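Examination of the molecular architecture
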Amino acid sequence: MGNDNSNEKEKSSNDNKIITNILDNNNNNNNKNKKEEKVITFINTNNTCYANSILQALLSLKIFKEKILSYLNNNNIHKYSTLKSLSELFNIIENKKKSDILNINDFINIIKNNNQEFNNDEHHDAHEFLTWLLDDIEQNINSIQKKNKKNNNKTNNNSTNNNNNNDNFIKDLFSGQQSSITKCLNCENTSEVFETFYNLSLDIETNSSLIYCLKNYFGTEILRSKDKFFCENCNSLQEAEKKVNLIKLPKILIIQLKRFKMKNYSNLIKLLGYVSIPKKFNANYLLKTKEEKEYNYKLKNMVIHLGQRGEYGHYFTLVNQENNKWINYNDEKSTYLNENDISKFFGNVDENNINFYSTTYLLFYELI
Ligand SMILES: [Zn+2]
């Protein structure tokens, strides 16, 4: 758990009990016909659930895992880089013959060294950690490529022992593209800005669906009053119409549900509302231009935030297995879930009757 006051601790521990009950029931049901599966979990040393939950989410993405492992013996990679240490950690996990609980302090210490933000025992936002981690790995890849180029120029020889020279797999797997078109409502002057995204952060509404939130994101809004837009043509703040278009979809679509909102500049309140999450969906209709290719996504995992507020709480990850069973990776513990139990984490239907504090926060969808 993160830094908490006693009230929060009590509520969260009740919440934990509810979850444990659900999970225990499922475990009993599943144990009868369950094949022995390798389940590796991580010890939570000092509030490191933000890292544990993200590692489990990333490990469940087979294509990502294989790319990371391919850098294990790369000679051009810095010994204490995030990419190197992640490939070593994944290699340890890959070579485990059976289920185990790992102490991953070596990896955590390298992370803390590579980013001072995380160099403490405080609660951290799992989304911030994920964004930084992918960005840092991308920088590691870029510096390897630079080194390779230098070496190749020197020796004028393209044969190196590294076969992943020009492979920016972070961009290849996670990046999509969007554009925003802003039209000044005074002079009708229009401007378009293109942006690459590595994940989508969606505003949520209670009692809605992910599809609704996505449609809302790729929609039109009017910028007015304090949100007015500076029009270069009018040379003044004007009301404007803004439309976000989806240009390109990624192979792995990461979605953050914006459940944490700043209130009065100091309190990070949590929106506990219900948002239904589809196990599969077709995303073609979101694209600006029609494409022949079908973009069908399958939900691979969900990172859940447990807690009433944003500053603290706990994270765990639900991973969709091949057989449509789910595993809950909760630090060193792991439990099985049935498909039907997943919706318990979608949030509270009635905003005034909040009884469950474990809600979806990050979603990882894979292209089928
Ligand atoms: Zn204008």
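All of these numbers come straight from a predicted model, not from anything done at the bench. (Residues numbered from 1 in each chain as written. Predicted model: local features only at pLDDT ≥ 70, side-chain atom pairs only at ≥ 80, totals over all residues.)

1. Considering the overall build of the protein chain
For the record, the criterion: Strands are runs of DSSP state E lasting at least two residues, helices are runs of H or I lasting at least four, and both sets are numbered from the N terminus onward. Placing C-beta atoms from the backbone, we regard two residues as in contact once those atoms come within 7 Å.
Each helix and strand counted, the protein chain has eight helices and 20 strands in total. If you take every contact in the protein chain between residues at least 6 apart in sequence, the share linking residues at least 24 apart comes to 69%.

2. Considering helix H3 (residues 62-69)
This is how it is decided: Backbone-placed C-beta atoms define the burial measure: a residue is buried with 20 or more other C-beta atoms within 10 Å of its own, exposed with 12 or fewer, and partly exposed in between. This arc describes the spread of directions from the helix axis toward the C-beta atoms.
Along H3, the residues that are buried comprise Phe64, Lys67 and Ile68. Projected onto a plane normal to the axis of H3, the buried residues spread over an arc of 100° and lie on a single side. Residues of H3 that are exposed and angled more than 90 degrees away from the buried face: Lys62 and Glu66. Tucked inside the fold, the buried residues of H3 contact helix H2 (49-59), helix H4 (82-94) and helix H7 (169-174).

3. Topic: the environment of Asp100
Relative to the elements of secondary structure, Asp100 occurs in strand S2 (residues 100-102). Residue class for Asp100 comes out exposed when judged on the 12 C-beta atoms lying within 10 Å of it. Sequence separation between Asp100 and Phe42 is 58 residues; the distance between their C-alpha atoms is 8.6 Å.

4. Considering the nonpolar core
The line we're drawing: Note on terminology: a nonpolar core is a set of buried residues of type Ala, Val, Leu, Ile, Met, Phe, Trp, Tyr or Cys, with members joined through C-beta atoms within 7 Å. The split into domains, and so the bounds of each, comes from an automatic or database assignment of domains.
Residues Ile54, Ala126, Val303, Ile304 and Leu362 are the most contacted members of the largest nonpolar core, which totals 67 residues. Split by domain, this core shows at least three residues from each of two domains, domain 1 (1-36 + 200-208 + 252-368) and domain 2 (38-174). With near-sequence residues (within four places) excluded, Ile304 lies in contact with Tyr315, Phe316, Leu318, Phe345, Ser358, Thr359, Thr360 and Tyr361.

5. Here's the deal with the sheet that holds strand S7 (residues 220-223)
Definition in use: Paired strands, as defined in this entry, are two strands with at least two bridges between them according to DSSP. Every axis corresponds to a line fitted to the C-alpha atoms, with the helix fit spanning only the stretch in contact, and the corresponding angles, defined between N-to-C directions, vary from 0 to 180 degrees.
If you trace the four strands from one edge of the open sheet to the other, you get S4-S3-S10-S7, paired in antiparallel fashion. Bordering the open sheet on either side are strand S4 (190-197) and S7, each of which pairs with just one other strand. Ignoring strand direction, the axes of neighbouring strands in this sheet form an average angle of 25°.

6. Comments concerning the pairing of strand S12 (residues 260-263)
The pairing of S12 with strand S13 (residues 267-270) spans four bridges and is classified as antiparallel. Counted as the bridge partner of Lys263 is Asn267 from S13. Hairpin remark: S12 followed by S13, antiparallel, with three residues in the connecting loop; positive phi at Asn264, about 55°.

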